[in-house]
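# Analysis of the macromolecular model
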Amino acid sequence: MSAAQIPLAGVIGHPIGHSKSPKLHGHWLATLGISGFYIPMDVRSDDLETVLRSLPKMGFRGVNVTIPHKEQALEIADQVSVLAARIGAANTLTFDTNGVIHADNTDGYGFLANLDAGASNWQTGQGPSVVLGAGGAARAVIAALLDRGVSRIQLANRTRARAEGLKTVFGDCVSILDWDAVDVSLEDASLLVNTTSLGMTGGDALPMTLETLSPDCVVTDLVYTPLETELLKNARSKGCQTVDGLGMLLHQGVPGFERWFGVRPDVTAELRSVVLT
Ligand code: NAP
């Protein structure tokens with residue numbers, strides 16, 4: 001096999017040292033016996049287009065893009081999936097043989113696959129889904145919930161205008177809660193999702209006590225460092241089913257890997273422990 005035939009993929013961000021994606025894809029390549037490579041790449045915004053246009057010529061089949069490039073990648077791409085356009089960000093790029101860049105977003109897929117795996121009954125509750133946060137991850141989560149048939153989403157964000165912006169995008173299924181009064185609005189919630197960055201190790205905690213939360217509410221957190229955030233610990237102590245955010249990271253990688261390397265990989269307990277080490 002010539003060097004040009006070795007399939008390559010990777011992840012582009014700035015910085016990139018923290019990314020768990022190389023371990024994730026590296027484990028799949030090794031266990032599936034594929035002689036390809038998945039490479040972390042630290043690229044500044046000013047260089048992003050030049051780099052993306054060069055990668056197909058070097059044998060890359062595609063890349064993941066992460067912070068801060070998810071929006072810019074969408075602008076650079078030649079073709080954009082309906083879902084990525086709706087979310088306003090891309091996390092998975094695929095290059096065709098002519099170097100045409102196709103952009104997609106698999107965060108919502110990862111979110112739902114993780115929730116289905118961790119709390120398969122999450123849709124049985126009658127109450128609304130409460131989403132905390134209105135950044136890029138919230139957009140992917142809301143699009144996924146709506147596509148799955150969730151009819152009521154209550155959205156709370158520190159910066160209310162950002163939440164209102166999402167209501168404009170996603171329509172009347174979304175209503176806005178006051179960030180400072182979320183705790184008193186959780187009584188009916190059947191799903192609670194933290195999409196903010198609050199709760200990360202070393203950072204500020206979510207300011208909610210979950211006082212009114214029903215034990216029937218399923219609670220999930222996109223933050224996965226620590227694996228069990230204060231939100232999840234608190235919810236678990238109230239009897240709620242909880243789902244950590246690591247599985248979302250693992251599942252969102254599945255569609256990209258399949259497109260680039262031609263095999264659909266599995267998310268397993270072994271993969272979880274490899275990525276955590
Ligand atoms: P983002 O676009 O920067 O949005 C950040 C969100 O957090 C905004 O809603 C922001 O509110 C809120 N926030 C930040 N600091 C806050 C504070 N001190 N008080 C209250 N709210 C605060 O980021 P993102 O891309 O949506 O990502 C959000 C989180 O999800 C990150 O921790 C990311 O690592 C995680 N994530 C995990 C996965 C996974 O696979 N598990 C996938 C994607 C993202 P304002 O609008 O008021 O600033």
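Structural data are supplied above this passage.
Since the model is a prediction, treat every value here as computed from it, not as a measurement. (Residues numbered from 1 in each chain as written. Predicted model: local features only at pLDDT ≥ 70, side-chain atom pairs only at ≥ 80, totals over all residues. Heavy atoms only, no water.)

## A closer look at helix 9 (residues 246-261)
Given 3.6 residues per turn, any residue in an α-helix points the same way as the ones three and four places further on. Spanning 16 residues, helix 9 covers 23 Å between terminal C-alpha atoms, matching the ideal 22 Å at 1.5 Å per step. Where helix 9 bends most, the angle comes to about 30°, and this point is P255. G262 lies just past helix 9 and shows a positive phi near 80°. (Helix = DSSP H or I, 4+ residues; strand = E, 2+ residues; numbered from the N terminus. Expected span 1.5 Å × (residues − 1). Bend = angle between axes of the 7 residues up to and from the residue.)

## Here we look at the environment of V254
Here V254 lies in helix 9. As a C-alpha pair, V254 and V131 span 123 residues in sequence and 24 Å in three-dimensional space. With sequence-adjacent residues up to four places away left out, V254 is seen in contact with W28, Y109, R264, P265 and V267. (Contact = heavy atoms within 4.5 Å.)

## What about the nonpolar core?
Of all hydrophobic cores here, the largest spans 31 residues; its most connected members are F111, W122, V131, I142, L145, I153 and L155. Put simply, the parts of the chain that give this core at least two residues each are helix 5 (107-118), helix 6 (136-147), strand 8 (153-156), helix 7 (160-170), strand 9 (174-177) and strand 10 (191-194). It is helix 6 that contributes the most residues to this core, eight residues altogether. Discounting chain neighbours no more than four positions away, the residues touching I142 are V131, I153, L155, L166, F170 and V174. By size, the runner-up hydrophobic cluster in this structure holds 20 residues, among which are I12, I76, A84 and F95. (Core = buried A, V, L, I, M, F, W, Y, C linked by side-chain atoms within 4.5 Å. Buried < 20%, exposed > 50% of the residue type's maximum accessible area, 1.4 Å probe, protein only.)

## Remarks on the sheet that holds strand 1 (residues 8-13)
What holds strands together in a sheet is hydrogen bonding between their backbones, with the strands either parallel or antiparallel. Strands sit in the order 2-1-3-5-6-4 across an open sheet of six strands; the sheet is mixed. This sheet does not close on itself; its edge strands, each paired only once, are strand 2 (37-42) and strand 4 (79-80). Across three bridges, strand 3 (residues 60-65) lies against strand 5 (residues 92-95) in antiparallel orientation. Among the inter-strand pairings, G62 is bridged to a residue of strand 5, identified as T94. Those strands touched by helix 1 (residues 21-32) are strand 1, strand 2 and strand 3, and its axis lies near 170° from that of strand 2. (Pairing = 2+ DSSP bridges. Axes fitted to C-alpha atoms, helices over the stretch in contact; angles between N-to-C directions.)

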